[in-house]
Amino acid sequence: MSTIPEIKTTLTKLLGIRYPIILAPMFLVSNVHMIIEATKAGITGAIPALNYRTDREFRKALEELKEKSNGPFGINLIANKSNIKLKEQLRSCLDYKVDYLITSLGNPSQIIQKCHKNGILVFCDVVDEVYGKKVSDLKPDGLIAVNNEAGGHAGKLSSKELINRLQSVSDLPIISAGGVGNGKQLLEKLDEGACGISMGSPFIATEESPVSQDYKEACIHYSAKDIVMTTKLSGSPCTIINTPYVQKTGTRQSMIEAFLNKHRRFKKLAKMLTFYKGMKSLKKAAFSSTYQSVWCAGPSIEYVKEILPVKKVVENLLREYGKAIGLIVN
Ligand SMILES: Cc1cc2nc3c(=O)[nH]c(=O)nc-3n(C[C@H](O)[C@H](O)[C@H](O)COP(=O)(O)O)c2cc1C
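What you are looking at is a predicted structure, and each value in this text was computed from that prediction instead of being measured.

Buried residues dominate strand β6 (residues 142-146), accounting for five of its five residues. In β6, alternate side chains face the same way, and those of Gly-142, Ile-144 and Val-146 on one face and Leu-143 and Ala-145 on the other are all buried. In this structure, strand β5 (residues 121-126) lies alongside β6, joined through four bridges in parallel fashion. Residue pairing in the sheet places Cys-124 in a bridge with Leu-143 of β6. What joins β5 to β6 is helix α6 (residues 129-136), and the crossover it makes is right-handed. Handedness of the β6-helix α7 (residues 159-169)-strand β7 (residues 174-177) crossover: right-handed.

Here is the structure:
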């Protein structure tokens, strides 16, 4: 564990961790090994339940996390109707009494109620103050402010603007997600009023990450300027690396897809098909060598220079944080 003294914030108190950092849930990327190492490094981490094909696999992962984690861990649930496995996933989280849930999309009311009855904390992803207020009224334990520098389905507002707007409608603790790749930026987010960060992209190229060597190396060789938004994967804008394949195939849905995705009668089915197709292409690109390189990552890959263990990524960040606050001189 880092020799940097504890950084005490509302998030570290809520979760009982040493540093206010969540290894963010990442579809196809975050896995049990990464989370175990995160907890050993004094932070916490979360996995999307969607990363498991079956409930059996999901429960096996929860069992391993319970047994081997050195601190709290979380699970990310998609809370809208597109997630047909939501009930089953929530049941498993309650059975294994995970430490916290991170909800994305939808109405997390039921999730919050059930989790609170079972002593489980809930943090909700939000991208603006309108949804932030709605969710805040349901009394979760914190909001995750997904800003315009985040990897994945990024928000539209800068981190500072989003935190300010959320503070104007809610008293809940705010965790900032997006754009952190070094310790100076961690300090900036805390100064902006966040009680912690949720950091994803810089962990893609770690030794414990399950994705292909090509994907990891892409995170090293490409930088912030190479990140583009595509609507091809899920219908909603999502950040990907602008590889030659992406340049060739474009980042916008075809006219027919876009039409069907908006059509009153067909949109539900069309969205499901887009999502299914998009996830399939992401999966193919994430785990195997293929020329169809569609790799999801955010601009914070700018700070990724080599493949390191999760522990080392955390240590480096904390050392830079130590320098930024004047605790470390060189
Ligand atoms: C590859 C990738 C996959 C992601 N998958 C999910 C997901 O399944 N659920 C979710 O809530 N957020 C997801 N995110 C968003 C992260 O949880 C987090 O908000 C984001 O990584 C923060 O920005 P950063 O990448 O600059 O650190 C994903 C991000 C990335 C880069």
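Still to come is the rest of the account.
Turning our eyes to something else, we now look at α7. Along α7, the residues that are buried comprise Ser-159, Leu-162, Ile-163 and Leu-166. Buried residues of α7 fall within an arc of 100° about the axis and therefore sit on the same side.

Moving on to the pattern of salt bridges. Going through the model one piece at a time under the given rule, you end up with eleven salt bridges. A salt bridge links Asp-137 to Lys-133, with the shortest nitrogen-to-oxygen separation between them at 2.9 Å. Judged by relative accessible area, which is 46%, Asp-137 ranks as partly exposed. With a relative accessible area of 36%, Lys-133 lands in the partly exposed category. Where salt bridges share partners, they join Asp-55, Arg-59, Arg-91 and Asp-95 into one cluster.

Below, the discussion takes up the site of the ligand. Surveying the vicinity of the ligand reveals 22 residues, the closest of which are Pro-25, Phe-27, Asn-76, Gly-200 and Ser-201. Between the ligand and the protein, one listed contact pairs a nitrogen atom with a side-chain N or O atom of Asn-76 at 2.7 Å. Here the ligand has 600 Å² of accessible area as a free molecule, and 91% of this is covered by the chains. Of the residues contributing to the shell around the ligand, the split by class is ten nonpolar, ten polar and two charged.

Bringing the nonpolar core into the picture now. Leu-23, Ile-75, Leu-101, Phe-203 and Tyr-215 are the most contacted members of the largest nonpolar core, which totals 87 residues. Among the elements that make up this core, the one with the highest residue count is helix α13 (residues 310-324) (six residues). If sequence neighbours within four positions are ignored, Phe-203 has contacts with Leu-23, Met-26, Met-34, Ile-43, Ser-209, Val-310, Val-313 and Val-314. Counting 16 residues, the second-largest nonpolar core is a separate cluster that includes Leu-15, Ile-102, Leu-121 and Ala-177.

Locating Cys-219 in the fold gives a position in helix α9 (residues 213-221). Contact partners of Cys-219, with chain neighbours within four places excluded, come to Ile-204, Ala-205, Ile-241, Ala-297, Ile-301 and Val-304.

What follows concerns the sheet that holds strand β1 (residues 21-23). Strand order in the closed barrel formed by eight strands is β1-β2-β3-β4-β5-β6-β7-β8, with parallel pairing between adjacent strands. Averaged over neighbouring strand pairs, the angle between their axes works out to 25° when direction is ignored. Those strands touched by helix α5 (residues 109-117) are β3 (73-78), β4 (100-104) and β5, and its axis lies near 155° from that of β5.

Moving on: the side chain of Lys-189. Its location among the elements puts Lys-189 in helix α8 (residues 183-191). Despite its burial, Lys-189 remains without a salt bridge, the nearest opposite charge being carried by Glu-192 at 4.2 Å. For Lys-189, the contacting residues outside a window of four places in its chain are Glu-149, Ser-159, Ser-176, Gly-178, Val-180, Ala-194 and Ile-197.

The next subject is the pairing of β4. Across the five residues that make up β4, a large majority, five, are buried. Burial along β4 is two-sided: the residues Tyr-100, Ile-102 and Ser-104 and Leu-101 and Thr-103 are all buried. One ladder, built from five bridges, connects β3 with β4; its direction is parallel. Looking at β4, one finds that Ile-78 is bridged to Ser-104. Traced from β3 through helix α4 (residues 86-95) to β4, the parallel crossover comes out right-handed. Crossover β4 to β5 through α5 is right-handed.

Once that is clear, we can look at the domain arrangement of the protein. Parsing the protein into structural domains produces domain 1 (10-209 + 305-324) and domain 2 (223-296). Each partner contributes to the interface: domain 1 provides nine residues, whereas domain 2 provides 13 residues. Across the domain 1 to domain 2 interface the summed buried area is about 810 Å²; carbon plus sulfur atoms make up 71%. The tally of links between domain 1 and domain 2 comes to zero salt bridges. The tally of links between domain 1 and domain 2 comes to one residue pair in polar contact (both at pLDDT 80 or more). In terms of residue class, the side of domain 1 that touches domain 2 is made up of six nonpolar, three polar and no charged.

Here the focus is the packing of α4 against α5. In contact at an axis separation of 11 Å, α4 and α5 are set at 20° when each is read in the N-to-C sense. When the axes of α4 and α5 are compared, the pair comes out roughly parallel. Our pair here, α4 against α5, has a crossing hand that is right-handed. In this structure, α4 contributes Leu-86, Leu-90 and Leu-94 to the contact, and α5 contributes Ile-111, Lys-114 and Cys-115.

The rules behind these values
Residues numbered from 1 in each chain as written. Predicted model: local features only at pLDDT ≥ 70, side-chain atom pairs only at ≥ 80, totals over all residues. Heavy atoms only, no water. Buried < 20%, exposed > 50% of the residue type's maximum accessible area, 1.4 Å probe, protein only. Helix = DSSP H or I, 4+ residues; strand = E, 2+ residues; numbered from the N terminus. Pairing = 2+ DSSP bridges. Right-handed = clockwise from strand over helix to strand, strands pointing away. Arc of directions from axis to C-beta. Salt bridge = Lys/Arg side-chain N within 4 Å of Asp/Glu carboxyl O. Near = heavy atom within 4 Å. Polar contact = N/O pair within 3.5 Å; in protein donor to acceptor, adjacent residues only side chain to side chain. Areas by Shrake-Rupley, 256 points an atom, 1.4 Å probe, with all protein chains shown as cover. Nonpolar A, V, L, I, M, F, W, Y, C, P; charged D, E, K, R; others polar. Core = buried A, V, L, I, M, F, W, Y, C linked by side-chain atoms within 4.5 Å. Contact = heavy atoms within 4.5 Å. Axes fitted to C-alpha atoms, helices over the stretch in contact; angles between N-to-C directions. Lys, Arg positive; Asp, Glu negative; His and termini not counted. Domains from an automatic or database assignment. Buried area = accessible area lost by both parts, 1.4 Å probe. Parallel < 35°, antiparallel > 145°, perpendicular 65-115°, else oblique. Left-handed = near helix turned anticlockwise from the far one by under 90°.

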